[in-house]
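Listed below are the residues making up each chain.
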Amino acid sequence: MLEGKTVVLGITGSIAAYKAAGLASKLTQAGAGVEVVMTEAATRFITPLTLRSITGRPVVTGMWQPASEFNIEHVSLAEAADVVAIAPATANVIAKLASGIADDILTCTVLATRAPVIVAPAMNDNMYRNPVTQENLARLRARGFVIIEPGYGRLASGKTGIGRLAELGKIIGAIRQVLQRKSDLAGKRMVVTAGGTREPIDPVRFIGNRSSGKMGYALAEVARERGAKVTLVTTSSLPPPAEVEVVTVETALQMKRAVTRVAKNTDALIMAAAVADYRPEKVARAKIKKKSAKLTLGLVATLDILAEIKGGFIKVGFAAESEDVIANARKKLETKGLDLIVANDITIKDSGFGADSNKVTIIDKNGKVEDLPLMSKREVADRVLDRVVGILVKR
Ligand code: CTP
């Protein structure tokens, strides 16, 4: 996996900077081309010469140093990277990355790169637990950075706490996984739906639901990053993900027609949309005026897109439940003939509709239940797509 890959290793000014030498050595031995970028503070803890000797490559330490081929244009390093790993990452660099500050060669590289970025924090426990650091990490996570939690143990201060750089094996494992995911959907087609449908009552009103579309957008974005050709059928007005074909619809019927059209050659259909089960029987042509104290709307059932669509592609459904989550999701998996269902309990805080994170359980048609902790919707997307890839390789 690492053979021939370019790993940009960012080292920042933490005591743990010396451990980056071990990391650079392991990555080099595994066949990766390791391009080390050090912040000024990092060079106070470990010399560039050490890293240069280990990697056999010039080490970049500043924007203006003349020695390296990457200095002429700092973006060339960003473009050359298959993955960027910052280990150790200080609270300061994490804060800069979270707010888009690019005042040195490392932060410039990260801002300019389209490669996946892994961040392994290492710092004093109070700094790590400080809400501002946690907020910054959450922001990075939501944007697709992979954060490798620090470990618990003896810190430089002599105290015991959280903040030690994660084990090197864990960091290398994350680098391998990111590289593996990077192109595992190359050549595959994917249709993803997102958002809640809107069923008109009259020209101004509709029956809707609380779906924001964030989960579907995360899936579309991540599937694209992993190499798939993605069509997103959406009711949401979130900014469209880069390089994804977007089809905007409003009602369940429009969504059904769009999905049927675009799913013809797809490898997988992931229905993250919250589709209305009922729509008003009649849509009033003019705005309904306030007349009596009571108004009854007649509703009729919509068609079930997932249950009715035919094709040899992988079918993935979502089940937002407020009770008997697993049992209800299983029933949907069976009745709709799905390969996977992603169940979420909408009563959990920071999970489900509108949130940036989600707490889900993935159930497959063989009965395997994978219960995941609360994580960003992008991370959930990765986990769901890992399962889709797993089915695709067996086919
Ligand atoms: N779904 C669909 N078409 C519909 C309703 C739902 O394709 N008309 C899809 C959703 O996109 C989701 C899955 O089916 O992937 C489950 O949706 P959900 O609304 O939870 O299931 P329902 O079958 O509508 O069950 P209920 O509303 O009774 O929980």
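Throughout what follows, the structure given in this document is the object of discussion. It should be emphasised that the depicted structure is a prediction, and the values quoted were computed from it without experimental measurement. (Residues numbered from 1 in each chain as written. Predicted model: local features only at pLDDT ≥ 70, side-chain atom pairs only at ≥ 80, totals over all residues. Heavy atoms only, no water.)

**Remarks on the nonpolar core**
Okay, step 1: With 35 residues, the main nonpolar core has Ile11, Leu27, Ile171 and Ile175 as its most contacted residues.
Okay, step 2: Secondary structure elements with two or more residues in this core: strand E1 (6-11), helix H1 (19-29), strand E2 (33-38), strand E3 (83-89), strand E4 (117-121) and helix H9 (168-182).
Okay, step 3: Here this core gets seven residues from one element, more than from any other, and that element is H9. (Core = buried A, V, L, I, M, F, W, Y, C linked by side-chain atoms within 4.5 Å. Buried < 20%, exposed > 50% of the residue type's maximum accessible area, 1.4 Å probe, protein only. Helix = DSSP H or I, 4+ residues; strand = E, 2+ residues; numbered from the N terminus.)

**Points about the pattern of salt bridges**
Okay, step 1: Under the definition given, this model contains 27 salt bridges.
Okay, step 2: The residue arginine 57 makes a salt bridge to glutamate 35 at a minimum N-O spacing of 2.9 Å. Taken together, the positions of arginine 57 in the loop between helix H3 (48-55) and helix H4 (74-80) and glutamate 35 in strand E2 put the pair 22 residues apart, joining distant regions of the chain.
Okay, step 3: Judged by relative accessible area, glutamate 35 falls into the buried class, the value being 8%.
Okay, step 4: What you see here is one network of salt bridges that share partners, running through Arg181, Asp184, Arg226, Asp382 and Asp386. (Salt bridge = Lys/Arg side-chain N within 4 Å of Asp/Glu carboxyl O.)

**Quick word on a nonpolar patch on the surface**
Okay, step 1: A cluster of nonpolar side chains, contributed by Tyr278, Leu295, Leu297 and Leu299, occupies part of the molecular surface with about 410 Å² of accessible area.
Okay, step 2: Its location among the elements puts tyrosine 278 in strand E14 (residues 278-280). (Patch = residues over 30% accessible without salt bridge, like charges linked within 9 Å, V, L, I, M, F, W, Y side chains within 5 Å. Areas by Shrake-Rupley, 256 points an atom, 1.4 Å probe, with all protein chains shown as cover.)

**Let's talk about the sheet that holds strand E19 (residues 360-364)**
Okay, step 1: In spatial order, the strands read E12-E11-E8-E13-E16-E17-E19-E20; together these eight strands make up an open sheet with mixed pairing. Of all strands in the sheet, those bounded by a partner on one side alone are strand E12 (245-248) and strand E20 (369-371). Taken over all neighbouring pairs, the strand axes of this sheet differ in orientation by 15 degrees on average, direction set aside.
Okay, step 2: Strand direction decides the pairing type here: strand E8 (residues 189-194) and strand E13 (residues 268-271), joined by four bridges, are parallel. Across the sheet, residue methionine 190 finds its bridge partner in E13, namely alanine 268. (Pairing = 2+ DSSP bridges. Axes fitted to C-alpha atoms, helices over the stretch in contact; angles between N-to-C directions.)

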